[in-house]
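Structure assessment
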Amino acid sequence: DTYTYFTRGGVFANAQTGNLVLLGISAARGELYRAGQYLIPVLAFALGVVATEGLRARRGAGDWQRTVLLLEAAILAVVGLLPPAFPDFVVNVTVSFLCSMQVNSFRLLEGMPYATTMCTGNLRSGSHHLWQFLFAGERKAGRKAARYLWVILAFCAGAGLGVPLSLQMGGRAVWLCALALLGVEFLLGQLEKRPEERAG
């Protein structure tokens, strides 16, 4: 989002709630062309879900998530090569597609539902567990609330770090996201190794 906001027209591409609201407003005003513009990233997001479900079905349990990470990193690497004059709309739709793949592929944190590319649901869940910890006496809820808090803080830190990087590096700043995805893919590969392989 920091990348698209600072280098690609001041828009947010991660979540589609805003686009759906603007689609409805445009349609109500009879601005069908503008409504269609908002519909395209929404469809790209839906296509990302379909793509990840297809990967999950074909590759089965295990490495399909790593495949998603590699695809995301590869596409972001290409996006970072695009000149500033390249249409922002195409780039933002591509990022929407990638964000959909990301959020649909990684939906659980220690067995708890969470979102990797948006924070509203995480904030709701974290607040719910915090209430349970403070007022219902559920000690495990405190640990769950802390996990959500870490996710939200990491999200904010990433956005904050993205500001100077986007301003300094321009469109190439998205390569840092690609590197982060490759790092996660590598860590997943290490975690999936059998104990005897790690010992060897």
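Being a predicted model, the structure only gives us computed values, none of them experimental.

A tally of helices and strands in the protein yields 9 helices and 2 strands. For the protein, the α and β elements follow one another from N to C terminus as α-α-α-α-α-β-β-α-α-α-α. Structurally, the protein occupies a C-alpha span of about 55 × 50 × 40 Å along its principal axes. Looking at the protein residue by residue over its 200 residues, the buried ones come to 33%. The long-range share in the protein, meaning contacts at least 24 apart out of those at least 6 apart in sequence, stands at 66%. Split by element, the accessible area of the protein, about 12000 Å² in all, is 67% carbon and sulfur. Computing the positive centroid from 18 side-chain charges and the negative centroid from 12, the protein places the two 4 Å apart.

It is the contact of helix α6 (residues 120-135) with helix α7 (residues 139-169), at a shortest axis distance of 7 Å, that shows an interaxial angle of 150°. Taken as axis vectors, α6 and α7 run roughly antiparallel relative to one another. By crossing handedness, the relation of α6 to α7 is classed as left-handed. Counted together, N122, L123, S125, G126, H129, L130, Q132 and F133 of α6 and R139, A141, G142, K144, A145, Y148, V151 and I152 of α7 form the full contact between these two elements. Each residue belonging to the contact of α6 with α7 can be placed in one class, and the counts come to 8 nonpolar, 6 polar and 2 charged.

Turning next to the pattern of salt bridges. Evaluated as defined, the whole model comprises 6 salt bridges. The partner of R8 in a salt bridge is D88, with the nearest N and O atoms 3.0 Å apart. With R8 in the loop between α1 (2-7) and α2 (17-28) and D88 in helix α5 (residues 88-105), this residue pair connects regions lying 80 residues apart in the sequence. Judged by its relative accessible area of 3%, R8 falls in the buried class.

The biggest cluster of nonpolar side chains holds 25 residues, and the ones touching the most others in it are Y3, L76, V95 and M101. When contributions to this core are tallied by element, the ones reaching two or more residues are α3 (32-59), α4 (64-81), α5, α7 and α8 (174-192). Of the residues forming this core, the biggest block, 7 residues, is contributed by α5. The contact partners of L76, leaving out residues within four places of it in the chain, are L98, V174, W175, C177, A178 and L181.

Moving on, we come to the environment of A15. The residue A15 is located in the loop between α1 and α2 in this model. Given a relative accessible area of 30%, A15 falls into the partly exposed group. Once the C-alpha coordinates of A15 and V103 are considered, the two residues, 88 residues apart in sequence, prove to be 9.6 Å apart.

Right, let's talk about the side chain of N14 for a bit. When you line up the elements, N14 lands in the loop between α1 and α2. Residue N14 is classed as buried on the basis of its relative accessible area of 9%. Of the polar contacts made by the side chain of N14, one reaches the backbone oxygen of T117; its length is 3.0 Å. When neighbours within four sequence positions are excluded, N14 is seen to be in contact with D1, F45, C99, T117 and M118.

This part covers the packing of aromatic side chains. Tallied over the full model, the rule gives 3 aromatic pairs. Their ring planes at 15° and their centres at 5.2 Å tell us that Y5 and F12 sit as a pair that is stacked. Classification of Y5 by relative accessible area gives partly exposed; the value is 40%. The interplanar angle of 40° and the centroid separation of 5.9 Å between the aromatic rings of W131 and F135 together place this pair among those described as tilted. Placement of the pair is W131 and F135 together in helix α6, with a separation of 4 residues, close to one helical turn. Take W131 and F135: they sit in the same class, and that class is exposed.

The subject of this paragraph is α4. If you check α4, its first and last C-alpha atoms are 26 Å apart, about what 18 residues at 1.5 Å a residue would give, namely 26 Å. All of the buried residues in α4 are W64, T67, V68, L69, E72, A73, L76, V79 and G80.

Calculation criteria
Position numbers for residues count from 1 along each chain, tracking the sequence in the order it is written. Local features are withheld for residues below a pLDDT of 70 in this predicted model, meaning they are given only at 70 or higher, and side-chain atom pairs are given and counted only at 80 or more; totals for whole chains, interfaces and linings count all residues. Where side-chain values are given, they derive from all heavy atoms of the structure, hydrogens and water being excluded. The helix and strand labels rest on DSSP assignments: H or I over at least four residues marks a helix, E over at least two residues marks a strand, and numbering proceeds from the N terminus. Relative accessibility decides the category of a residue: with a 1.4 Å probe and only protein chains considered, values under 20% of the type maximum give buried, values over 50% give exposed, and everything between is partly exposed. Residue contacts are counted whenever heavy atoms from the two residues lie within 4.5 Å of one another. Note on areas: these come from Shrake-Rupley sampling with a 1.4 Å probe, and a residue is covered only by the protein chains present in the view. Residues scored as positive are Lys and Arg, those scored as negative are Asp and Glu, and His as well as the terminal groups of each chain are ignored. Where a charge lies is defined by one atom per residue type, namely NZ (Lys), CZ (Arg), CG (Asp) and CD (Glu). Axis definition: a line fitted to C-alpha atoms, over the contacting stretch in the case of helices. Angles run 0 to 180 degrees between N-to-C directions. If an angle is under 35 degrees, it is roughly parallel; if it is over 145, roughly antiparallel; if it lies from 65 to 115, roughly perpendicular; otherwise it is oblique. Each helix crossing is assigned a hand: it is left-handed if the near helix lies turned anticlockwise from the far helix by less than a right angle, otherwise right-handed if that turn is clockwise. Think of it as three bins: nonpolar holds Ala, Val, Leu, Ile, Met, Phe, Trp, Tyr, Cys and Pro, charged holds Asp, Glu, Lys and Arg, and polar takes everything else, Gly as well. What makes a salt bridge here is a side-chain nitrogen of Lys or Arg within 4 Å of a carboxyl oxygen of Asp or Glu, nothing more. The criterion is simple. A nonpolar core is a set of buried Ala, Val, Leu, Ile, Met, Phe, Trp, Tyr and Cys residues joined through side-chain atoms within 4.5 Å. Any N or O atom pair separated by 3.5 Å or less is treated as a polar contact, with the protein-specific requirement of one donor-capable and one acceptor-capable atom, and with residues adjacent in sequence counted only for side-chain atom pairs. We call Phe, Tyr and Trp rings a pair once their centres come within 6.5 Å, taking the six-membered ring for Trp, and we label the pair stacked below 30 degrees between planes, edge-to-face above 60, and tilted otherwise. How far a helix is expected to stretch is found by multiplying one less than its residue total by 1.5 Å.

Fair warning: the whole summary comes from geometry, so function is off the table for now.
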